[in-house]
Each structure stands twice: as C-alpha cells, then as structure tokens.
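This is what each chain is made of:
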Amino acid sequence: MIAATVHEIVRKRVAHSLPPGPLAGELRLGGEGLGLDSISIAEVLLECEQRFGVGVTQLLEGEPLTLARLIEHVERATAR
Amino acid sequence: MIRRLRGRTASLLVRTLGFLTRWPRLAFAIADTLAAATTLVRRGPHHDALRTLFPDLPAAGFAAAIRRIRVNQVRRLLLHGWAERAGVAALQPLVRTNDTVPRLQPPLILATFHVGPLLALTAFAERLDGEVLALRSQTIGSGRAAHVSVGAELESEQQRSAAFLQALARLRRGGFVFMAVDPLQQSGLEVPFLGRTLRLARGAFALSRMTGVPIVPVVAGWNGDEVEVETGEALHGDDERTLAAAAAQWLERYLTQAPGELSHQLLALMEDDGKPQAGGPGPH
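Novice: Is there a simple way to explain the interface of chain B and chain A in this structure?
Specialist: Interface size is often expressed as the accessible area that is lost when the parts come together. At the interface, 13 residues of chain B touch 17 residues of chain A. Carbon and sulfur atoms make up 62% of the surface buried where chain B meets chain A, a total of about 1,200 Å² over both sides. When the area that chain B buries against chain A is broken down by residue, the three leading residues are Glu-157, Gln-158 and Leu-165 of chain B, summing to 49%. Taken together, the links from chain B to chain A amount to two salt bridges. Put simply, Glu-43 of chain A and Arg-209 of chain B hold a salt bridge, and the shortest N to O gap is 2.8 Å. Among the elements that line the side of chain B that touches chain A, the one with the most residues is helix H7 (residues 157-172) of chain B, at eight residues.

Novice: Help me out: how do you make sense of the pairing of strand S5 (residues 176-180) of chain B in this one?
Specialist: Every regular strand shows the same layout, with side chains that alternate between the two sheet faces. Residues and elements named next belong to chain B. Along S5, five of the five residues are buried, which leaves the element largely enclosed by surrounding structure. On S5, burial covers both faces: Phe-176, Phe-178 and Ala-180 on one face and Val-177 and Met-179 on the other are all buried. By the bridge criterion, five bridges tie strand S2 (residues 108-112) to S5 in an arrangement that is parallel. Bridging from a neighbouring strand, Leu-108 pairs with Phe-176 of S5.

Novice: I keep staring at unusual backbone geometry and nothing clicks. Help me out?
Specialist: Comment: phi is negative for the bulk of residues other than glycine, and the bulk of peptide bonds are trans. Residues and elements named next belong to chain B. Residues Pro-106 and Pro-107 are joined by a peptide bond in cis, for which omega reads 0°. Mapped onto the fold, Pro-107 is located in the loop between helix H5 (100-103) and S2. The phi torsion at Leu-194 lies on the positive side, around 50°, for a residue other than glycine. You can see Leu-194 is positioned in the loop between strand S6 (189-193) and strand S7 (196-200). Note on Leu-194: relative accessible area 1%, which makes it buried.

Novice: Whenever I open this one, the pattern of salt bridges confuses me. Can you help?
Specialist: Opposite charge on two side chains makes pairing possible when the charged atoms of those side chains draw close. Under the counting rule described, the total for this entry stands at 18 salt bridges over all chains. Here Glu-8 of chain A and Arg-51 of chain A are joined by a salt bridge, their closest N and O atoms 3.5 Å apart. With Glu-8 of chain A in helix H1 (residues 2-11) and Arg-51 of chain A in helix H2 (residues 38-52), this pair connects stretches of sequence that are 43 residues apart. With relative accessibility at 41%, the residue Glu-8 of chain A sits in the partly exposed group. Owing to a relative accessible area of 40%, Arg-51 of chain A belongs among the partly exposed residues under this scheme. The salt bridge partner of Glu-240 of chain B is Arg-209 of chain B, with a shortest N-O separation of 2.7 Å. In this pair, Glu-240 of chain B sits in helix H9 (residues 240-257) while Arg-209 of chain B sits in helix H8 (residues 203-211), placing the two residues 31 residues apart along the sequence. Residue class for Glu-240 of chain B comes out buried when judged on its relative accessible area of 10%. One continuous salt-bridge network, built from bridges that share partners, spans Glu-8, Lys-12, Arg-13, Asp-37, Glu-43, Glu-47 and Arg-51 of chain A together with Arg-202, Arg-209 and Glu-240 of chain B.

Novice: Even after reading the chapter, I still don't get the side chain of Ser-38 of chain A, so can you show me in this structure?
Specialist: By secondary structure assignment, the location of Ser-38 of chain A is in helix H2. For Ser-38 of chain A, the contacting residues outside a window of four places in its chain are Glu-157, Arg-160 and Ser-161 of chain B.

Novice: How should the packing of aromatic side chains be read in this particular structure?
Specialist: The relative placement of two aromatic rings is captured by the distance of their centres and the angle of their planes. Residue and element names in this part refer to chain B. Counted according to the given criterion, the structure contains four aromatic pairs over all chains. An angle of 55° between the planes, with centres 5.5 Å apart, marks the rings of Phe-28 and Trp-82 as tilted. Here Phe-28 is found in helix H2 (residues 24-41), whereas its partner Trp-82 is found in helix H4 (residues 59-86), with 54 residues between them in sequence. Here Phe-28 and Trp-82 have matching classes, each one buried.

Novice: Would you mind going over a nonpolar patch on the surface with me for this structure?
Specialist: All names here are of chain B. Together, Trp-23, Leu-26, Ile-30 and Leu-34 give the surface a local cluster of nonpolar side chains, amounting to about 380 Å² of exposed area. Within the fold, Ile-30 resides in helix H2. For Ile-30, a relative accessible area of 33% puts it in the partly exposed group.

Novice: What exactly am I supposed to notice about the nonpolar core here?
Specialist: In this structure, Leu-70 of chain A together with Leu-251 and Leu-255 of chain B are the most contacted members of the largest nonpolar core, which totals 77 residues. If one sorts the elements of this core by residue count, H9 of chain B sits on top with eight residues. Apart from residues lying up to four places away in sequence, Leu-255 of chain B is in contact with Phe-54, Val-115, Phe-193, Leu-194, Glu-261, Leu-262 and Leu-266 of chain B. Grouped together as the second largest cluster of nonpolar side chains are 38 residues, Leu-20, Ala-31, Leu-119 and Val-148 of chain B included.

Novice: Before we go on, may I ask you to explain the domain arrangement of chain B in this structure?
Specialist: All names here are of chain B. Looking at the assigned domains, one finds that chain B contains domain 1 (2-89) and domain 2 (92-276). In this complex, domain 1 contributes 24 residues to the contact, which on the side of domain 2 involves 27 residues. Interface area, domain 1 with domain 2, both sides summed: about 2,200 Å², of which 68% is carbon and sulfur. Applying the counting criterion to the domain 1 and domain 2 interface returns two salt bridges. Here Asp-225 and Arg-25 are joined by a salt bridge, their closest N and O atoms 3.6 Å apart. Here domain 1 is connected to domain 2 by five residue pairs in polar contact (both at pLDDT 80 or more). Among the elements of the structure, H2, helix H3 (46-53) and H4 are those that each provide at least two residues to the side of domain 1 that touches domain 2.

Calculation criteria
Residues numbered from 1 in each chain as written. Chains lettered and ligands numbered in written order. Predicted model: local features only at pLDDT ≥ 70, side-chain atom pairs only at ≥ 80, totals over all residues. Heavy atoms only, no water. Contact = heavy atoms within 4.5 Å. Buried area = accessible area lost by both parts, 1.4 Å probe. Salt bridge = Lys/Arg side-chain N within 4 Å of Asp/Glu carboxyl O. Helix = DSSP H or I, 4+ residues; strand = E, 2+ residues; numbered from the N terminus. Buried < 20%, exposed > 50% of the residue type's maximum accessible area, 1.4 Å probe, protein only. Pairing = 2+ DSSP bridges. Phe/Tyr/Trp six-rings, centres within 6.5 Å; stacked < 30°, edge-to-face > 60°. Patch = residues over 30% accessible without salt bridge, like charges linked within 9 Å, V, L, I, M, F, W, Y side chains within 5 Å. Areas by Shrake-Rupley, 256 points an atom, 1.4 Å probe, with all protein chains shown as cover. Core = buried A, V, L, I, M, F, W, Y, C linked by side-chain atoms within 4.5 Å. Domains from an automatic or database assignment. Polar contact = N/O pair within 3.5 Å; in protein donor to acceptor, adjacent residues only side chain to side chain.

Quick look at the structure:
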C-alpha cells in the first residue's frame, strides 16, 4: 500500500513516460535514475510527509536517495 | 601562458591595491586607469557580444559600456581582495541602499543575477530587517551577521533539494531568501533575454509558486565610487515560467539602461543559438 502510494507520488512528477507497473526500487530519484530535479525531489518528500505523517527530509543527507530507501523509511516510520 | 600571466597580474593588482582599503577612492582611481588602459590594448570577448546584444547603441555609448565592463571586472577583484583582507564590513561604507531596505518586508524572495558587484549584496543582505537565508551564492552569505545564514551545499541534486527545503522553511517562518537565479549548471527554465535565451534556475520561482511569497529582483551597480542597490517591483504569480520571464524582462530593462553592467559571467550563461527570439534581436 505504502509502496504503491509512493510510486504514484513519484510518477506524477517524472517528465518522461515510464513503463506501467511498479518502478524498480534501486532507481535513484534524481540524476540518471528517474531524472527528477532538486525541486521535484523536494516536492516528492513533502508530499510523502503530508500523506504518511512522517518526516522524510532527513533522507537527503548521506547516500543517494532511491525509491527503495524512501519506501523502506516510510514503512518503518509508520510502523512505529 | 598568456592567460596564466593575466591571472598573475590580476592577483598582484588585487594584493597591491588590497592595502588601500582605507583609501577606496585612490584604489578605484588606480584600478580604473589600469582597466581603461587594457581596454585600449585588448578586445575582450564582451566586445562582439555587446555589439550583437545592443545593436542600436551609439558609438559613444558603446565605448563607455566596453570601458565599464572592464572597470567592473577589475573592481570586482578589488572588492574580493578587500573582503578577504578585512571582511565584508570593509564594503559596508561603499554600499548605498537609499530607501530600499525599509520597503522590503519579509517573507520575501530576493532574486539576483550575475551582474555588477555581487559581493556588495552581502553588505545589503546584512541590512535587511529579518532572518536571511542566502542560497545559490556563497558570496551573499559570506559576511558575519548573525541573521544571515548560508544554505546547504549545492553540489549534488540532493544537496540542492535540501537547500530548497531550507528556503521553504525560512519563508514559512517569515524570513528572506536571497539567491542568484541565473544558474551555473545547465538545467532550468529557458526564457527570452536580449534576443537570446537565458536559463534561470527554477528555485526562486518554485518557492514563490508554493508559498505565494513574491519575488523582488535585486542587483548592485556602480555609481561613481559607490555601489547602489537597485530593486524591481515585486513579482507575483503561480506559474514558474511566467515569473521567470518577468524576472528576465526586468534584468533586460536594467541592462538596456546600463549595458556596461553586463558581465562575463552572464554572457557565459546566455545561450547563443544564433537565432533571435521572437520580438527581434536586442532589447525591446
């Protein structure tokens, strides 16, 4: 459920067309992954915070932000 | 080889004139004389660009603009030298803000461009009445004032996202966000500008769209031996591209009045596709 919602949040901001179905978890949100620019990445995180009621912006620190990392973080935070 | 020699000459000049922080007029007189002399012996890359961008500029205006561009280059080095030697405080006496500062009430996005003495905007930022976050320009936040802070590093996409979120938070808390909108990287909103295309970073315009906070264009320019800060009317709107085009239009009007403020940095950021934009070449 969480994964599907995150996919939907990301999909609507990706400029180029994506194949239907779930997105690969290892895809980075920016650059050579899904190609989101810095503002779109920020918007994805803000919408995730709003939809799930958990903080996610700390994911911008450290290792590259992938779809899997975002979903995992939201799942863990909402399970607490 | 020649470029290295030029670089060494410039740094020697800055070091030498750096001792004259207490006598800025004397330093400017020396710097301006040297700049004018180099204008006579060497054409810069701005020569042809200026002719293309301002085809209607009369000969006297053209010569004055060419001189001004070179003088600005040397003065820019001088200001950096002074700020390194004595801190940004050394620039404060040079900066005139007139009645600009009281009119700027937060929350507000201040958008600047790579024209004129950008470093002088540090002094301007320190006079603002409210918390200021300087973004996309380490220069603007390089002073020591406690109410002016510098946003996150801007090297990677993630760092830029973090900086964007910092700016959003600052605006929502009722502060100022100060940023250069002509980006040094390749992405951004393409807008018509002086018959060419200029790419502006989305940041300021996205912040305005998301918060409803207006954008005020700001640039610093020389008036004699003082720096004057010029601001435009506040730009409102919820469409990023329209806001970006309005900001570029404001800069175009400013440069049409003062073509000598055109900088090498800005020229490098303008895309020369050889094809004039709709509306014809040059200012209109």
